Amino acid sequence: MRRLILLLLLPFWSSAQLPIIYADVPDPSMIRVGDTYYMSSTTMHMNPGVPVMKSKDLVNWEIIHYAYEELEPDLDLGTGKSMYGKGSWASSLRYHEGTYYLSTFALNTGKTYIFTTKDIEKGPWERKSFQPAFHDHTLFFEDGKPYLIYGAGKLMLVPLKEDLTGVAGKERVLIENANLPAGPNIGLNAEGSQLFKHDGKYYLFNIVWPKGGMRTVLIHRAESLQGPWEGRVAFQDMGIAQGGMIDTPDGKWWAYLFRDMGSVGRVPYWVPIQWKDGWPVIGDEGKFPKDLPLPAGKGLIPGIVNSDEFTSNTLSLVWQWNHNADSTRWSLTDRKGFMRLKTGQVGAPLLQTRNMLTQRTIGPKCTGEVKIDVRGLKEGDVAGLIALQSDYAWVGVKVENGQRFLVVEKEEEGKKSELLKRPWKGNTVFVRIHCDFTDFKDEATFSFSSDGKRWEKASGSLAMKYKLTHFMGYRFGLFVQATKSEGGYADFDYYKINEL
């Protein structure tokens, strides 16, 4: 009873439970409308894209929508090309006069995209796009007119047409060298702009990375957009940086930022703000605080990731396809209660295979599990569960010379190796991937079962590495691959994710 009373008296979210979302949710942009917070993030080559999340307390979040189903119709795998590490990057989420605005850009298409809706939770989103792609921009409205601030190091201001279909006039330099507050030796120029107006002043957040130092938050302040702008280093601890600020209904302020956390990805951190002399002061004497005055988190399941029995005719919002999916090659209705993935292009490398269905991994530890009916596989087909990044590994079944084999295979630094290969006589297989991100251990291990009860662990492991070639934290992926001919398929009975 005494222990229960002590727990009830604890008002803070302990730092031992941080980050707020232990998963790949980078480049957050956040708004509050009434008592509800909305946040967008980056998922680049995944579709649907630009997830929108909702929370009532800044801690417990759920995915409620995406800005688009496909960024462009021709960004497919299987052609030897890909948009790994590309696609839509940092977004800007805004609310203005009853309309929600979500803007982003893609260097590989050379376009800036702006999506609008009156209903952020149900949509639909209207899309407009134009050239060029304005890097790491922030969208804002001044006297009812739309503008973008974009760039790296030299930050630019550009006016937009009121219908958001393009540039309305000549751009100008906003800040000639936004790096200056961080010193002369800069590795990553100031970027990731997010602009806010508070008490009549303008506050521009950026990230910068001094050489030999860490990711750092910069804030510039001005009385008007015309300047002059004065800047300062606002936060420099643990590499937590890039984002902006948000207020709560009761008048408190928070910085929402993210941190590189190894192979799990770039994960969000919230840091309290106090106002002093007209400046937002982040953290506790410049450091991340020991405790946060936030409610306890309920976990990332089911709002950010979730298990699935595939009993619905539509995919849950926690799923995203790797690149554009081929709608003729997957079905939730061909066999009720199963996700049927069908082979398409023949001979494409695994990372070029379409219709890989993915979810985030989560920290500090997690396990992904699937049960697969492999009777539909043809000669040369492979079906399984993958730990997806540039260096990857999978566990599943391969058909070779008319025989099924249980295989664990990995590719590291471009070199493939088999950790396990043995004959498999059953029509179904249960496979698991266990990911350990604790203290940057970044290790994936693999196990399998014929009945889902007795499990055997494969020897060996994958050293998971966050690589810019994918620019994304590891994901669990369901896949089927054809190496000989089309026409095969695999039926996934369920997907389970456990947060450990």
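Note: the structure precedes this text.
The rules behind each value
- Residues numbered from 1 in each chain as written.
- Predicted model: local features only at pLDDT ≥ 70, side-chain atom pairs only at ≥ 80, totals over all residues.
- Heavy atoms only, no water.
- Core = buried A, V, L, I, M, F, W, Y, C linked by side-chain atoms within 4.5 Å.
- Buried < 20%, exposed > 50% of the residue type's maximum accessible area, 1.4 Å probe, protein only.
- Contact = heavy atoms within 4.5 Å.
- Pairing = 2+ DSSP bridges.
- Helix = DSSP H or I, 4+ residues; strand = E, 2+ residues; numbered from the N terminus.
- Axes fitted to C-alpha atoms, helices over the stretch in contact; angles between N-to-C directions.
- Disulfide = S-S within 2.5 Å.
- Polar contact = N/O pair within 3.5 Å; in protein donor to acceptor, adjacent residues only side chain to side chain.
- Salt bridge = Lys/Arg side-chain N within 4 Å of Asp/Glu carboxyl O.

This paragraph deals with the nonpolar core. Of all hydrophobic cores here, the largest spans 93 residues; its most connected members are Trp-61, Trp-270, Ile-282, Phe-446 and Leu-478. Apart from residues no more than four positions distant in its own chain, Leu-478 is found in contact with Phe-310, Trp-319, Leu-341, Asn-355, Met-356, Leu-357, Val-370, Gly-384, Leu-385, Phe-492 and Tyr-495.

Here the focus is the sheet that holds strand β9 (residues 111–117). Taken in spatial order, the four strands of this open sheet run β7-β8-β9-β10, and their pairing is antiparallel. Only two strands of the sheet have a single neighbouring strand rather than two, namely β7 (92–96) and β10 (126–130). Across the sheet, the axes of successive neighbouring strands diverge by a mean angle of 20°, strand direction being ignored. As defined by bridge partners, strand β8 (residues 99–106) adjoins β9 across seven bridges and the pair is classed as antiparallel. Residue Tyr-101 lies in a different strand from β9, and its bridge partner there is Thr-116.

As defined by bridge partners, strand β31 (residues 403–412) adjoins strand β32 (residues 415–423) across eight bridges and the pair is classed as antiparallel. Bridge pairing links Leu-406 to Arg-422 in β32. Here β31 hands over to β32 after two residues, with Glu-413 in that stretch at a positive phi of 50°.

A few words now on the sheet that holds strand β27 (residues 357–360). Pairing is antiparallel in the open sheet, where eight strands are placed in the order β4-β24-β27-β37-β29-β30-β31-β32. In this open sheet, the two edge strands, each paired with only one partner strand, are β4 (46–47) and β32. Examined bridge by bridge, strand β30 (residues 392–400) and β31 share nine bridges and lie antiparallel to one another. In the strand pairing of β31, Val-395 is matched with Val-408.

Turning to its location among the elements, Trp-455 is positioned in the loop between β34 (443–449) and β35 (456–457). Residue class for Trp-455 comes out partly exposed when judged on its relative accessible area of 23%. Placed 75 residues apart in sequence, Trp-455 and Gly-380 show a C-alpha to C-alpha distance of 26 Å. Residue contacts for Trp-455: discarding those within four places in its chain leaves Glu-369, Phe-430, Val-431, Arg-432, Ser-447, Phe-448 and Ser-449.

Once that is clear, we can look at the environment of Tyr-37. Within the secondary structure, Tyr-37 is located in strand β3 (residues 36–40). What makes Tyr-37 buried here is its relative accessible area of 3%.

Under the counting rule described, the total for this entry stands at zero disulfides. Residue Cys-435 stays outside any disulfide, its sulfur separated by 4.6 Å from that of Cys-366, the closest cysteine. Given the relative accessible area of 0%, Cys-435 is considered buried.

It is worth spelling out the side chain of His-470 at this point. Relative to the helices and strands, His-470 resides in the loop between β36 (462–463) and β37 (475–481). Within the structure, His-470 has its side chain in polar contact with the backbone nitrogen of Ser-390 (distance 3.5 Å). Sequence-distant contacts of His-470, that is, excluding residues within four places in its chain, are made with Met-44, His-45, Tyr-84, Gly-85, Leu-351, Leu-388, Gln-389 and Ser-390.

On to the pattern of salt bridges, then. Taken as a whole, this structure holds 31 salt bridges when the rule is applied. Close ionic contact of Glu-72 with Lys-111 constitutes a salt bridge, the shortest N to O distance being 3.3 Å. Placement of Glu-72 in the loop between β6 (62–68) and β7 and of Lys-111 in strand β9 is noted, with a sequence separation of 39 residues between them. Glu-72 gets classed as buried once you look at its relative accessible area, which sits at 15%. Ionic contacts of the salt-bridge type, sharing partners, join the residues Arg-335, Arg-340, Asp-373, Arg-375 and Asp-491 into one network.

Function cannot be read off these values alone, since they describe shape.
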